[in-house]
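Residue-level structural notes
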Amino acid sequence: MKTYFAGQFDIAVIGAGHAGIEAALAAARLGCSVVIFTISLDAVANMPCNPSIGGTAKGHLVRELDALGGEMGRAADATMLQSRMLNRGKGPAVHSLRAQADRRRYQEVMKRTLERQENLTLRQGEVTAIRLTGGRVSHVVLQTGAVFAVGAAIVCSGTYLNGRTIVGQCVREGGPDGMFAAAALTDCLRELGLSLRRFKTGTPPRVNARTVDFSKMERQDGDLDTMPFSFETREAPVNRAVCYLTYTNEDTHRIIRRNLDRSPMHSGAIEGVGPRYCPSIETKVTRFADKPRHQLFIEPMGLDTEELYIQGFSSSLPEEVQVEMLHTVPGLERAEMTRCAYAIEYDCVDPTELLPTLECKKVPGLYGAGQFNGS
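Note that this is a predicted model, so its numbers are computed, not measured.

**A short note on the packing of aromatic side chains**
Scanning the model with the defined rule gives three aromatic pairs in all. Taking 6.2 Å as the distance between ring centres and 45° as the angle between the ring planes, the aromatic pair formed by F9 and F148 counts as tilted. Placement of F9 in strand β1 (residues 4-14) and of F148 in strand β9 (residues 146-155) is noted, with a sequence separation of 139 residues between them. Between F37 and F148, the aromatic rings sit 5.1 Å apart at their centres with planes inclined by 65°, giving edge-to-face as the arrangement. Of the two residues, F37 sits in strand β2 (residues 34-38) while F148 sits in strand β9, which places them 111 residues apart along the sequence.

Below is the structure:
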């Protein structure tokens, strides 16, 4: 493919999820010229697993980001649907703020912030190659042939890098929410001598709120005394949505156990290991076989949609099994599933390849952030 010179920047950020956004904004605000690339501008700040910010341990991280000038806390406060301080029954050291965000509104706020930031250029495009000069990062190349001269590159690929989604026996190359995966960059990173690992995570199904019987569930209101994430937020955020709690039961577990041979997690079709704390429902049922039920949190995707996501119900089982499972849960007996749950596998760097600065030991000028680092 014919290439052409498209511009020169101090830093190229590859990926516009949570990590990429913070990296790009931090660098631009320090005076560096930055270009940030995303496979789709409609996927900037997308939250494919669940639209929430914070929670146990993560809530502390958001506050630390804010103290360093990060954007996540401000965006979370501006788009909050419900705020709750978790672990209030324990000591203050483990109190963890968690906010349910309006998914699309959060994306809009973050995209607009990037667009308005001085020294920062937001570009749609897939980075397929990172070139070196004298053993150091010097250029990034897009699939279209555009070549950008850069002083450093930060890989923030999330779950897109050589991604594949799995629903039962339906396995396809792709990123979250039906986006296409970034496969060429994986080959490039290996050619640069980096050791990559294979990780996996999962998403829960979504349902139409019109088909849910909330009277069979436990109502969960937000805190009366809401607390913002950002130290710069002057007014406490206002709760605008209600969440609900329900539980699996023995019927749910029986269906899962009966179909374990169709679960890619148990058949070996999924190769990656999970870095995250939220196991699939089939893993919970097998690992905690003595538990008669598991919590499911019914939470809204946003104010302008009827979609709810079933937090705690992540799965890679076939779609028809997911529907059968769903209909055993109190309040979800007639629920219409709008999006089925899926697992996603992706490549990430072996963390031992990185210095404490998150620069690659073997490739000066190449950095990693977010899930690419195995977090």
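**Focus on the sheet that holds strand β3 (residues 52-54)**
By definition, the strands of a sheet pair up through backbone hydrogen bonds, in either a parallel or an antiparallel sense. An order of β3-β5-β4 is seen for the three strands of this open sheet, with the pairing classed as antiparallel. At either margin of the open sheet sits one strand with a lone partner, and together these are β3 and β4 (80-86). Each adjacent strand pair in this sheet contributes to an overall mean axis angle of 20°, direction not counted. Sheet analysis places β3 next to strand β5 (residues 96-101), joined by three bridges and oriented antiparallel. Its bridge partner being in β5, G54 is matched across the sheet by R98.

**A word on the pattern of salt bridges**
Enumeration over the complete set of coordinates arrives at 23 salt bridges. Here R98 makes a salt bridge to E299, at a shortest N to O gap of 3.0 Å. In this pair, R98 sits in strand β5 while E299 sits in strand β16 (residues 295-300), placing the two residues 201 residues apart along the sequence. No difference in accessibility class separates R98 from E299, as the two residues are buried. Measuring nitrogen to oxygen at the nearest pair gives 2.2 Å for the salt bridge that ties R254 to D251. On the criterion of helical spacing, the pair formed by R254 and D251 is a turn pair, its members being three residues apart in helix α6 (residues 250-258). On the accessibility criterion, D251 (39% relative accessible area) is partly exposed. Put simply, R29, E71, R74 and E232 are held in one network by salt bridges that share partners.

Calculation notes
- Residues numbered from 1 in each chain as written.
- Predicted model: local features only at pLDDT ≥ 70, side-chain atom pairs only at ≥ 80, totals over all residues.
- Heavy atoms only, no water.
- Phe/Tyr/Trp six-rings, centres within 6.5 Å; stacked < 30°, edge-to-face > 60°.
- Helix = DSSP H or I, 4+ residues; strand = E, 2+ residues; numbered from the N terminus.
- Pairing = 2+ DSSP bridges.
- Axes fitted to C-alpha atoms, helices over the stretch in contact; angles between N-to-C directions.
- Salt bridge = Lys/Arg side-chain N within 4 Å of Asp/Glu carboxyl O.
- Buried < 20%, exposed > 50% of the residue type's maximum accessible area, 1.4 Å probe, protein only.

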